[in-house]
Amino acid sequence: MKKLLLILALAGLAVSQPLPARPGGGHSSSSHSSHSSSSSSFSHSGSSWSTHDSSSGASGSAHPMSSLEALILFIVIVAIIIIVIRSQAGARSVVTAPPAQYRAQRQQSITEQIAALKQLDANFSAVVFLDFAHSLYCKFYEYSTKPEFSYLSPFLSTELQGHFERSQPWTVSEIVVNSLRWLEVGTSGSDSDTITVEIDANYTLDLQGRRSRYAVVERWQFYRRKGLLSAEPEKMQSVSCPQCGGPAHFTDAGVCGYCGASVQKGGAQWCLGKRVVVSTRAVPAVEGLALTPKNRAPKPSRSSKRI
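Residues numbered from 1 in each chain as written. Predicted model: local features only at pLDDT ≥ 70, side-chain atom pairs only at ≥ 80, totals over all residues. Heavy atoms only, no water.

Novice: An account of empty space enclosed by the protein is needed here, citing residue identities and associated values.
Specialist: This model, assessed by the stated rule, comprises one cavity of 30 Å³ or more. Counted as a void, the largest cavity has a volume near 30 Å³. If you go around the largest cavity, the residues you meet are Leu 120, Asp 121, Asp 193, Arg 224, Arg 225, Lys 226, Gly 227 and Leu 228. Class assignment for the residues of the lining of the largest cavity results in two nonpolar, one polar and five charged. (1 Å grid on protein atoms, 1.4 Å probe; cavity = no way out; pocket = protein on both sides within 12 Å on 5 of 7 lines; lining within 4 Å. Points joined across faces, edges and corners; volume = space filled by probe spheres on them. Nonpolar A, V, L, I, M, F, W, Y, C, P; charged D, E, K, R; others polar.)

Set out below in C-alpha coordinates:
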(Lines give C-alpha, C1' and ligand atoms only; values in the text may rest on other atoms or scores of the structure.)
Protein backbone atom coordinates (compact mmCIF):
# COMPACT_ATOMS: atom_id res chain seq x y z
CA MET A 1 0.00 0.00 0.00
CA LYS A 2 2.82 2.43 0.88
CA LYS A 3 4.51 1.74 -2.48
CA LEU A 4 1.30 2.45 -4.36
CA LEU A 5 0.78 5.72 -2.49
CA LEU A 6 4.37 6.72 -3.27
CA ILE A 7 3.79 6.01 -6.98
CA LEU A 8 0.63 8.10 -6.86
CA ALA A 9 2.47 11.00 -5.24
CA LEU A 10 5.29 10.85 -7.79
CA ALA A 11 2.78 10.76 -10.62
CA GLY A 12 1.04 13.82 -9.25
CA LEU A 13 4.37 15.60 -8.82
CA ALA A 14 5.39 14.78 -12.38
CA VAL A 15 2.28 16.09 -14.03
CA SER A 16 2.22 19.19 -11.80
CA GLN A 17 5.59 20.49 -13.08
CA PRO A 18 5.40 23.76 -15.08
CA LEU A 19 5.06 23.05 -18.77
CA PRO A 20 7.22 24.80 -21.43
CA ALA A 21 5.67 27.69 -23.36
CA ARG A 22 3.84 26.82 -26.53
CA PRO A 23 5.80 27.14 -29.79
CA GLY A 24 5.39 30.56 -31.27
CA GLY A 25 5.17 32.11 -27.81
CA GLY A 26 7.43 34.99 -28.97
CA HIS A 27 4.32 36.91 -29.93
CA SER A 28 3.03 37.01 -26.39
CA SER A 29 6.38 37.77 -24.78
CA SER A 30 7.15 40.51 -27.26
CA SER A 31 4.20 42.44 -25.90
CA HIS A 32 6.28 43.05 -22.76
CA SER A 33 9.28 44.50 -24.63
CA SER A 34 8.23 48.06 -23.83
CA HIS A 35 8.25 47.47 -20.06
CA SER A 36 11.95 46.76 -19.48
CA SER A 37 15.09 45.52 -21.04
CA SER A 38 14.68 42.22 -19.24
CA SER A 39 11.29 41.80 -20.89
CA SER A 40 12.87 42.57 -24.23
CA SER A 41 15.52 40.00 -23.49
CA PHE A 42 12.83 37.45 -22.54
CA SER A 43 11.12 38.20 -25.85
CA HIS A 44 14.31 37.47 -27.68
CA SER A 45 14.86 34.33 -25.70
CA GLY A 46 11.31 33.28 -26.42
CA SER A 47 11.66 33.85 -30.13
CA SER A 48 14.96 31.95 -30.08
CA TRP A 49 13.21 29.00 -28.29
CA SER A 50 10.48 29.12 -30.91
CA THR A 51 13.02 29.05 -33.71
CA HIS A 52 14.82 26.13 -32.06
CA ASP A 53 11.56 24.24 -31.58
CA SER A 54 10.59 24.65 -35.20
CA SER A 55 13.96 23.41 -36.33
CA SER A 56 13.83 20.52 -33.84
CA GLY A 57 10.33 19.65 -34.98
CA ALA A 58 11.63 19.39 -38.48
CA SER A 59 14.11 16.79 -37.25
CA GLY A 60 11.27 14.70 -35.63
CA SER A 61 11.48 15.51 -31.86
CA ALA A 62 8.19 15.40 -29.77
CA HIS A 63 6.31 18.56 -28.91
CA PRO A 64 5.91 19.51 -25.20
CA MET A 65 2.98 17.88 -23.30
CA SER A 66 -0.16 19.99 -23.08
CA SER A 67 -2.21 20.42 -19.91
CA LEU A 68 -4.97 18.16 -21.29
CA GLU A 69 -2.50 15.40 -22.09
CA ALA A 70 -0.99 15.65 -18.62
CA LEU A 71 -4.45 15.40 -17.04
CA ILE A 72 -5.33 12.31 -19.09
CA LEU A 73 -2.04 10.66 -18.11
CA PHE A 74 -2.67 11.38 -14.45
CA ILE A 75 -6.20 9.88 -14.62
CA VAL A 76 -4.85 6.73 -16.30
CA ILE A 77 -2.20 6.30 -13.60
CA VAL A 78 -4.75 6.77 -10.81
CA ALA A 79 -7.12 4.24 -12.45
CA ILE A 80 -4.35 1.64 -12.71
CA ILE A 81 -3.40 2.12 -9.06
CA ILE A 82 -7.04 1.74 -7.94
CA ILE A 83 -7.38 -1.50 -9.94
CA VAL A 84 -4.19 -2.88 -8.38
CA ILE A 85 -5.33 -1.95 -4.85
CA ARG A 86 -8.71 -3.62 -5.35
CA SER A 87 -7.18 -6.78 -6.79
CA GLN A 88 -4.82 -7.06 -3.83
CA ALA A 89 -7.71 -6.51 -1.40
CA GLY A 90 -9.70 -9.23 -3.15
CA ALA A 91 -6.78 -11.64 -2.92
CA ARG A 92 -6.48 -11.00 0.82
CA SER A 93 -10.22 -11.65 1.32
CA VAL A 94 -10.01 -15.26 0.04
CA VAL A 95 -10.90 -17.57 2.89
CA THR A 96 -8.37 -20.29 3.43
CA ALA A 97 -8.93 -23.58 5.18
CA PRO A 98 -8.09 -23.50 8.87
CA PRO A 99 -4.71 -25.03 9.73
CA ALA A 100 -4.54 -28.51 11.23
CA GLN A 101 -3.56 -27.12 14.62
CA TYR A 102 -6.66 -24.93 14.74
CA ARG A 103 -8.90 -27.84 13.75
CA ALA A 104 -7.37 -29.99 16.47
CA GLN A 105 -7.93 -27.26 19.06
CA ARG A 106 -11.48 -26.82 17.85
CA GLN A 107 -12.17 -30.54 18.13
CA GLN A 108 -10.68 -30.60 21.61
CA SER A 109 -12.90 -27.69 22.63
CA ILE A 110 -16.01 -29.47 21.33
CA THR A 111 -15.01 -32.64 23.15
CA GLU A 112 -14.70 -30.71 26.39
CA GLN A 113 -18.07 -29.00 25.84
CA ILE A 114 -19.78 -32.36 25.23
CA ALA A 115 -18.13 -33.75 28.36
CA ALA A 116 -19.54 -30.80 30.32
CA LEU A 117 -23.02 -31.62 29.00
CA LYS A 118 -22.59 -35.26 30.01
CA GLN A 119 -21.86 -34.07 33.53
CA LEU A 120 -25.39 -32.65 33.55
CA ASP A 121 -27.00 -35.47 31.55
CA ALA A 122 -25.27 -38.80 32.07
CA ASN A 123 -27.45 -40.43 29.38
CA PHE A 124 -26.51 -37.99 26.65
CA SER A 125 -24.89 -39.50 23.55
CA ALA A 126 -23.32 -37.34 20.84
CA VAL A 127 -23.92 -40.00 18.19
CA VAL A 128 -27.59 -40.43 19.14
CA PHE A 129 -28.09 -36.65 19.06
CA LEU A 130 -26.63 -36.40 15.53
CA ASP A 131 -28.91 -39.24 14.42
CA PHE A 132 -31.84 -37.18 15.72
CA ALA A 133 -30.60 -33.98 14.01
CA HIS A 134 -30.21 -35.89 10.72
CA SER A 135 -33.72 -37.33 11.01
CA LEU A 136 -35.28 -33.97 11.86
CA TYR A 137 -33.51 -32.26 8.94
CA CYS A 138 -34.93 -34.76 6.46
CA LYS A 139 -38.45 -34.56 7.93
CA PHE A 140 -38.27 -30.76 8.07
CA TYR A 141 -37.87 -30.53 4.29
CA GLU A 142 -39.88 -33.60 3.35
CA TYR A 143 -42.92 -32.27 5.24
CA SER A 144 -42.22 -28.60 4.51
CA THR A 145 -45.31 -27.90 2.37
CA LYS A 146 -47.44 -30.82 3.50
CA PRO A 147 -49.99 -31.17 6.30
CA GLU A 148 -47.59 -33.57 8.04
CA PHE A 149 -45.37 -30.63 8.93
CA SER A 150 -47.51 -30.12 12.03
CA TYR A 151 -46.38 -33.55 13.25
CA LEU A 152 -43.02 -31.94 14.10
CA SER A 153 -44.50 -29.36 16.48
CA PRO A 154 -42.63 -30.47 19.67
CA PHE A 155 -39.28 -30.30 17.85
CA LEU A 156 -39.60 -26.80 16.32
CA SER A 157 -39.84 -23.38 17.91
CA THR A 158 -43.13 -21.55 17.47
CA GLU A 159 -41.56 -19.33 14.80
CA LEU A 160 -40.19 -22.25 12.80
CA GLN A 161 -43.41 -24.19 13.21
CA GLY A 162 -45.15 -21.54 11.11
CA HIS A 163 -42.25 -21.10 8.69
CA PHE A 164 -43.96 -22.72 5.68
CA GLU A 165 -47.53 -21.57 6.26
CA ARG A 166 -47.39 -19.15 3.31
CA SER A 167 -45.05 -21.16 1.11
CA GLN A 168 -45.26 -21.60 -2.63
CA PRO A 169 -46.70 -24.82 -4.12
CA TRP A 170 -43.39 -26.64 -4.17
CA THR A 171 -42.18 -29.91 -2.72
CA VAL A 172 -38.75 -31.10 -1.58
CA SER A 173 -37.51 -34.64 -2.17
CA GLU A 174 -34.33 -36.70 -2.58
CA ILE A 175 -32.77 -35.16 0.53
CA VAL A 176 -29.15 -36.12 1.10
CA VAL A 177 -27.25 -35.03 4.21
CA ASN A 178 -23.52 -35.05 3.47
CA SER A 179 -22.24 -34.10 6.91
CA LEU A 180 -23.12 -32.72 10.32
CA ARG A 181 -20.40 -30.78 12.12
CA TRP A 182 -20.35 -29.69 15.74
CA LEU A 183 -20.00 -25.95 16.20
CA GLU A 184 -20.82 -25.34 19.85
CA VAL A 185 -22.32 -26.96 22.94
CA GLY A 186 -23.51 -24.41 25.48
CA THR A 187 -24.21 -25.30 29.09
CA SER A 188 -23.78 -21.90 30.74
CA GLY A 189 -27.39 -20.76 30.27
CA SER A 190 -29.58 -20.49 33.34
CA ASP A 191 -32.68 -22.08 31.80
CA SER A 192 -31.53 -24.27 28.92
CA ASP A 193 -28.60 -25.97 27.21
CA THR A 194 -27.87 -25.47 23.52
CA ILE A 195 -26.22 -27.40 20.70
CA THR A 196 -25.26 -25.79 17.38
CA VAL A 197 -24.37 -27.87 14.33
CA GLU A 198 -23.56 -27.11 10.70
CA ILE A 199 -25.36 -29.22 8.11
CA ASP A 200 -24.09 -29.76 4.56
CA ALA A 201 -26.87 -31.20 2.41
CA ASN A 202 -28.57 -31.18 -0.99
CA TYR A 203 -32.10 -31.79 -2.17
CA THR A 204 -34.42 -31.56 -5.18
CA LEU A 205 -37.04 -28.82 -5.29
CA ASP A 206 -40.07 -29.37 -7.53
CA LEU A 207 -41.91 -26.15 -8.37
CA GLN A 208 -44.95 -26.74 -10.57
CA GLY A 209 -43.25 -29.54 -12.49
CA ARG A 210 -39.85 -27.87 -12.76
CA ARG A 211 -37.20 -29.76 -10.82
CA SER A 212 -34.00 -28.12 -9.56
CA ARG A 213 -31.21 -29.48 -7.41
CA TYR A 214 -29.66 -27.35 -4.65
CA ALA A 215 -26.69 -27.74 -2.34
CA VAL A 216 -27.04 -25.93 0.97
CA VAL A 217 -25.12 -25.26 4.15
CA GLU A 218 -27.19 -24.48 7.23
CA ARG A 219 -26.59 -23.85 10.91
CA TRP A 220 -29.13 -25.23 13.34
CA GLN A 221 -29.23 -24.41 17.02
CA PHE A 222 -31.16 -26.73 19.35
CA TYR A 223 -32.17 -26.08 22.93
CA ARG A 224 -33.45 -28.19 25.82
CA ARG A 225 -34.53 -27.35 29.33
CA LYS A 226 -31.82 -27.72 31.94
CA GLY A 227 -31.78 -30.58 34.44
CA LEU A 228 -33.19 -33.29 32.14
CA LEU A 229 -31.93 -36.81 31.50
CA SER A 230 -32.06 -38.20 27.98
CA ALA A 231 -34.40 -41.12 27.39
CA GLU A 232 -33.16 -44.43 26.01
CA PRO A 233 -31.49 -44.17 22.55
CA GLU A 234 -34.39 -45.69 20.58
CA LYS A 235 -36.59 -42.80 21.76
CA MET A 236 -33.98 -40.11 21.19
CA GLN A 237 -32.23 -40.92 17.92
CA SER A 238 -35.17 -40.28 15.59
CA VAL A 239 -38.12 -37.93 15.26
CA SER A 240 -40.47 -39.86 17.52
CA CYS A 241 -42.43 -39.53 20.73
CA PRO A 242 -39.99 -39.46 23.65
CA GLN A 243 -42.68 -41.13 25.78
CA CYS A 244 -43.91 -44.09 23.73
CA GLY A 245 -41.33 -44.14 20.93
CA GLY A 246 -43.98 -43.95 18.20
CA PRO A 247 -43.27 -42.07 14.94
CA ALA A 248 -43.85 -38.33 15.12
CA HIS A 249 -47.59 -37.74 14.85
CA PHE A 250 -48.30 -34.73 17.02
CA THR A 251 -50.98 -32.08 17.03
CA ASP A 252 -50.05 -28.40 16.85
CA ALA A 253 -50.20 -28.43 20.66
CA GLY A 254 -47.66 -31.28 20.85
CA VAL A 255 -50.03 -34.11 21.82
CA CYS A 256 -48.88 -37.54 20.62
CA GLY A 257 -51.37 -39.27 18.34
CA TYR A 258 -50.40 -42.69 19.74
CA CYS A 259 -50.10 -42.39 23.51
CA GLY A 260 -51.76 -39.03 24.09
CA ALA A 261 -48.74 -37.63 25.94
CA SER A 262 -48.23 -33.88 25.77
CA VAL A 263 -44.65 -33.12 24.74
CA GLN A 264 -43.41 -29.61 25.42
CA LYS A 265 -40.91 -27.83 23.19
CA GLY A 266 -37.43 -28.32 24.60
CA GLY A 267 -38.78 -30.70 27.21
CA ALA A 268 -37.92 -34.38 26.93
CA GLN A 269 -36.34 -33.95 23.48
CA TRP A 270 -34.17 -31.26 21.86
CA CYS A 271 -36.01 -28.51 19.99
CA LEU A 272 -34.81 -26.52 16.98
CA GLY A 273 -34.75 -22.88 18.05
CA LYS A 274 -32.74 -21.15 15.32
CA ARG A 275 -32.04 -21.96 11.68
CA VAL A 276 -29.65 -20.01 9.44
CA VAL A 277 -29.03 -20.78 5.77
CA VAL A 278 -25.33 -20.03 5.23
CA SER A 279 -25.21 -20.72 1.48
CA THR A 280 -27.34 -22.10 -1.36
CA ARG A 281 -26.22 -23.00 -4.87
CA ALA A 282 -27.74 -24.83 -7.81
CA VAL A 283 -26.04 -28.11 -8.74
CA PRO A 284 -26.42 -30.69 -11.55
CA ALA A 285 -29.58 -32.75 -11.15
CA VAL A 286 -27.78 -36.01 -10.29
CA GLU A 287 -25.19 -34.57 -7.90
CA GLY A 288 -25.46 -36.26 -4.51
CA LEU A 289 -28.27 -38.56 -5.54
CA ALA A 290 -28.25 -42.26 -4.78
CA LEU A 291 -29.67 -43.26 -8.15
CA THR A 292 -27.66 -46.43 -8.62
CA PRO A 293 -25.36 -48.51 -6.39
CA LYS A 294 -22.43 -46.96 -8.23
CA ASN A 295 -23.68 -43.46 -7.60
CA ARG A 296 -24.97 -44.11 -4.10
CA ALA A 297 -24.32 -41.26 -1.68
CA PRO A 298 -22.07 -42.03 1.30
CA LYS A 299 -23.46 -42.13 4.80
CA PRO A 300 -23.35 -38.73 6.52
CA SER A 301 -20.13 -37.87 8.29
CA ARG A 302 -20.80 -36.76 11.85
CA SER A 303 -17.34 -35.25 12.42
CA SER A 304 -17.14 -36.54 15.98
CA LYS A 305 -15.91 -39.43 18.03
CA ARG A 306 -18.36 -41.60 19.88
CA ILE A 307 -18.66 -39.94 23.26
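Novice: Can you break down the nonpolar core residue by residue, with the values?
Specialist: General note: in soluble globular proteins, nonpolar side chains tend to be found buried as a group. Ranked by internal contacts, the top residues of the largest apolar core, which has 46 residues, are Phe 129, Trp 182 and Phe 222. Those elements giving two or more residues to this core turn out to be α5 (100-120), α6 (126-142), β1 (170-186), β2 (192-207) and β3 (210-225). The leading source of residues in this core is α6, at eleven residues. (Core = buried A, V, L, I, M, F, W, Y, C linked by side-chain atoms within 4.5 Å. Buried < 20%, exposed > 50% of the residue type's maximum accessible area, 1.4 Å probe, protein only. Helix = DSSP H or I, 4+ residues; strand = E, 2+ residues; numbered from the N terminus.)

Novice: Outline the sheet that holds strand β4 (residues 271-283), listing residues and values.
Specialist: The four strands lie next to each other as β1-β2-β3-β4, forming an open sheet whose pairing is antiparallel. Only two strands of the sheet have a single partner each, and these edge strands are β1 and β4. In this sheet, neighbouring strand axes are inclined to one another by 20° on average, regardless of whether the strands run parallel or antiparallel. In this sheet, β2 lies alongside β1 in antiparallel orientation, the contact comprising 13 bridges. Paired with Arg 181 across the two strands is Glu 198, which belongs to β2. This element, α5, spans β1 and β2 of the sheet and lies at about 85° to β1. Here α6 sits on the sheet in contact with β1, β2, β3 and β4, set at roughly 150° to β1. (Pairing = 2+ DSSP bridges. Axes fitted to C-alpha atoms, helices over the stretch in contact; angles between N-to-C directions. Contact = heavy atoms within 4.5 Å.)

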